[in-house]
Every structure is written in structure tokens, then in C-alpha cells.
Amino acid sequence: MLLDINDAPEKSIRIFNQLIDIFEEQSINPSPLNYFIWYEYYKGDNPKFRQEMDKILNDPFGYHDRLGRRLYDEFFADDDTADNEFDKALKRLIGLVIKKMNIWSDKLAEQSKQLDQCATSLNDPNIDAETLKALTQTVQTTVSSMQTSSEDLQKELMSSNEEITRLRKQLIDTKAQVMMDELTEVGNRKAFNIAMAEMMDTAQANGTPDSLALIMTDIDHFKRFNDNFGHLVGDSVLRYFANLMKKTKQENETICRYGGEEFAIIVADTDLESAAERAETIRHDIENAKLKRKDSAKELGKITASFGIAIYKGMEETVDEFIKRADDALYLAKEKGRNQVKTELDLEETSS
């Protein structure tokens, strides 16, 4: 009963992507049952269940595994309203897990009862040797049976956990693909938007908005380059430029393709001077690169890039305003002859 994320509707994929982050943030056991309960919670198709979950999440003790089992029995055990194949497969998986747990629980209760009876009989002061032997055999058989049942359940649960783990990996891979620019294999525009929002919030929360820099850069005369050599060669140049930036990428940087031949580097825990030095290093490296055509080994000529840098001002500006200041600095670099780095300070000098 393999679950395939490709069979899931878009809403299901979005929810599971959320759960990957939520489970890590809140240290929730990533068991099949917990995934199912939280999936149903975010789906929001069962108002009564959602109200109950809201109540639990507002409780100081919050959510835990035993509550998940209780919620399943109360709201989903007899529910058969899944409207797509993915949800049906997920429901069947969880139903199988619960069924096995119930069987094991019933067996455990019966075996515990047998052991209690044996314990009572063993307390009889008049017990004879033959009865003692029979009781000992019963205890050994029961304990062995309990161990076998427990091992069988563990195997079933492991198999189910492997199924969810496989699904989780599919989702992580899908999420990574959605956030990656296919050509250059750096973050795409969506990744840029998310990273900008998160890093601006973090800088603001830490009280250090002026430690967040945005470097905007693009390849000079790229259209002319495309016209002269063709789009395939142009694509190769974009990949080379992206790889050049990735090779020297620091842990505090996020590199994204902003659009066309324009890239963005978001740098945390830095200052304007350090960001300018980073941009200058990249500018120097691309200027000194010697690229050749694969089909003829002919050199493509000098390739240069321009850079614009701004530092986040904090709550007083929006993300669009922040980007515009970096973009304005980039355009200033273009106006001043290209192949150079300009910052917001250069913009101020120009306007004064």
C-alpha cells in the first residue's frame, strides 16, 4: 500500500509540507498516526474535530501520542468520506496500524489476565509439584507469546513508519524542487520571497535590522551576449555565474535567481562594508573567468557583472522598498559603466 505524493491533490501536498516543519519545531513524534491526525486538522474538513484539537493545543500539556489515538477513535475510526485516492490510501494505512494495535492490545490484556491467574495460584501454600510445573510452563508460554506479539507489532509499526518516512522524503524532495531554479540550481523567486520575509523578521526580532544586507547583481550586456552566441550558451553562462557564487557561499547567505540574468544574495549578520567586499570578490572572479564554447573551444570573451547593495532599515520599510534600494544601487552601477559595485551610500551621494 504505497503512498505516492504524486497522487495527492495540491492542498494535500501543501499541508504535508507544513507538517514537516511543524513536527520538527514542536518535537512531535513523526508516526503515521500523528501525521494523519495533524493532516486532518489542517485539512479542516471536520469542524468538531478541529474545535477539539484547538482546545488541546491551547491546553498547557498540549498534544501527545495518546491524545492522537483517542482523537482517531473518536472522530475517524468510522469515517469513510475521503474524496481522493491519496486520502483513501492514507486512511487505509492508519486504519491498518490501529487495527494491529487493537489486536495487540486485546492479546496483551488476555495474556496479562493469564499471568495474574498464575500469580494467584502460585500464592497457594498447598500447591503441589505437578501444578507448579504446569503453572511455570503456562507463564513461559504466555511470556513467549507476549514477546512474539510485541515483535510482530513492532514490525508492523516499523513498516508503517517506513511508509511515512518515504512519503516525508518525497515531500522534502518536492519542496526542494519547488524552491529551486531548474537552470541554475540556486533558489528561485519563490525561495527568495520566503527567505526575505523570514530573514527580515529575524533581524527585526533580534533588534539588529542593520545586520541584514541584500546584494542584487546581473550579468552585463546579457541580451547582446545571447544574441551573439545563442540561448544555450547564455544558459551555460548563467549556470557558471550561479556556480561561481555557490562555490564561495557562506553559511549566512541565501543565493537566489531573481529573474532572467539577475540574482540576489541575502546576507545575514553582516554590514555594508562586508557585503560590498563579498560582491567585489564575485565581480573580480567573473571578470577573470575564461569561458569557452564546448563545440569549438573558442573563448566567449570577457564576462562582467554589476552589483547593488542595500542594508535593511527595519520596520520603517517594506520588503519592496528594501529590494528597490538594492536595485537602484545596481542600476547606478550600470549607469556608471557596469562591472562595478555600488551601495546605498553611493545613491545618497548621487542624489545630494
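Let me sum up the structure you'll find in this document. (Residues numbered from 1 in each chain as written. Predicted model: local features only at pLDDT ≥ 70, side-chain atom pairs only at ≥ 80, totals over all residues. Heavy atoms only, no water.)

## Details of the sheet that holds strand β3 (residues 262-267)
We count it as follows: Two strands form a pair only when DSSP identifies at least two bridges running between them. Counting from the N terminus, the helices are DSSP H or I runs at least four residues long and the strands are E runs at least two residues long. The angle between two axes is taken between their N-to-C directions and runs from 0 to 180 degrees, where each axis is a line fitted to C-alpha atoms and a helix contributes only its stretch in contact.
Strand order in the open sheet formed by 5 strands is β2-β3-β1-β4-β5, with mixed pairing between adjacent strands. Each edge of the sheet is formed by a strand with only one pairing partner; in this case those strands are β2 (253-259) and β5 (341-343). Neighbouring strand axes in the sheet, compared pairwise and without regard to direction, differ in orientation by 20 degrees on average. Summarising the sheet, strand β4 (residues 305-311) and β5 pair through 3 bridges and their orientation is parallel. Residue pairing in the sheet places Ile 309 in a bridge with Thr 343 of β5.

## Focus: the packing of helix α1 (residues 10-26) against helix α2 (residues 32-43)
Put simply, the test is: By definition in this entry, angles of less than 35 degrees are roughly parallel, angles greater than 145 are roughly antiparallel, angles of 65 to 115 are roughly perpendicular, and the rest are oblique. What makes a crossing left-handed is the near helix being turned counterclockwise from the far one by less than a right angle; a clockwise turn instead makes it right-handed. Contacts: residue pairs with any heavy atoms within 4.5 Å of one another. Amino acids outside the nonpolar list (Ala, Val, Leu, Ile, Met, Phe, Trp, Tyr, Cys, Pro) and the charged list (Asp, Glu, Lys, Arg) are all regarded as polar, and Gly is one of them.
It is the contact of α1 with α2, at a shortest axis distance of 10 Å, that shows an interaxial angle of 120 degrees. Viewed along their axes, α1 and α2 adopt a mutual orientation that is oblique. Considering how the two elements wind past one another, α1 and α2 form a crossing that is right-handed. Contacts between α1 and α2 pair Lys 11, Ser 12, Ile 15, Phe 16, Gln 18, Leu 19, Ile 22, Phe 23 and Gln 26 from the former with Asn 34, Tyr 35, Trp 38, Tyr 39, Tyr 42 and Lys 43 from the latter. For the contact of α1 with α2, the per-class residue count stands at 9 nonpolar, 4 polar and 2 charged.

## Description of the nonpolar core
Rules: Among buried residues, the Ala, Val, Leu, Ile, Met, Phe, Trp, Tyr and Cys ones that are joined through side-chain atoms within 4.5 Å form a nonpolar core. Only protein chains enter the calculation, and the probe is 1.4 Å; a residue is then buried if its accessible area is under 20% of its type maximum, exposed if over 50%, and partly exposed in between.
Ile 215, Val 237, Phe 241, Phe 307 and Ile 309 are the most contacted members of the largest nonpolar core, which has 32 residues in total. Elements supplying a minimum of two residues to this core: β1 (213-219), α8 (222-229), α9 (231-247), β3, α10 (272-287) and β4. Considering each element in turn, this core owes the most residues, 7 residues, to α9. Those residues within four positions of Ile 309 in sequence are excluded, and the remaining contacts are Leu 214, Ile 215, Leu 272, Ala 275, Ala 276, Ala 279, Ala 326, Ala 329, Val 341, Lys 342, Thr 343 and Glu 344.

## Brief notes about the packing of aromatic side chains
To keep it simple, the criterion reads: The rule is short: rings of Phe, Tyr and Trp, with Trp giving its six-membered ring, pair when the centres are within 6.5 Å, and they are stacked under 30 degrees, edge-to-face over 60, tilted in between. A ring has a charge above it when a Lys NZ or an Arg CZ is no more than 6 Å from the ring centre and no more than 35 degrees off the ring normal.
Here the structure, examined in full by the defined rule, presents 16 aromatic pairs. Through pairs of rings, three or more aromatic residues link up here, namely Phe 23, Tyr 35, Trp 38, Tyr 41, Tyr 42 and Tyr 63. We note Arg 50 situated over the ring of Tyr 41; from NZ or CZ to the ring centre the distance is 4.6 Å. Residue placement shows Arg 189 over the ring face of Tyr 258; its charged tip is 3.9 Å from the ring centre.

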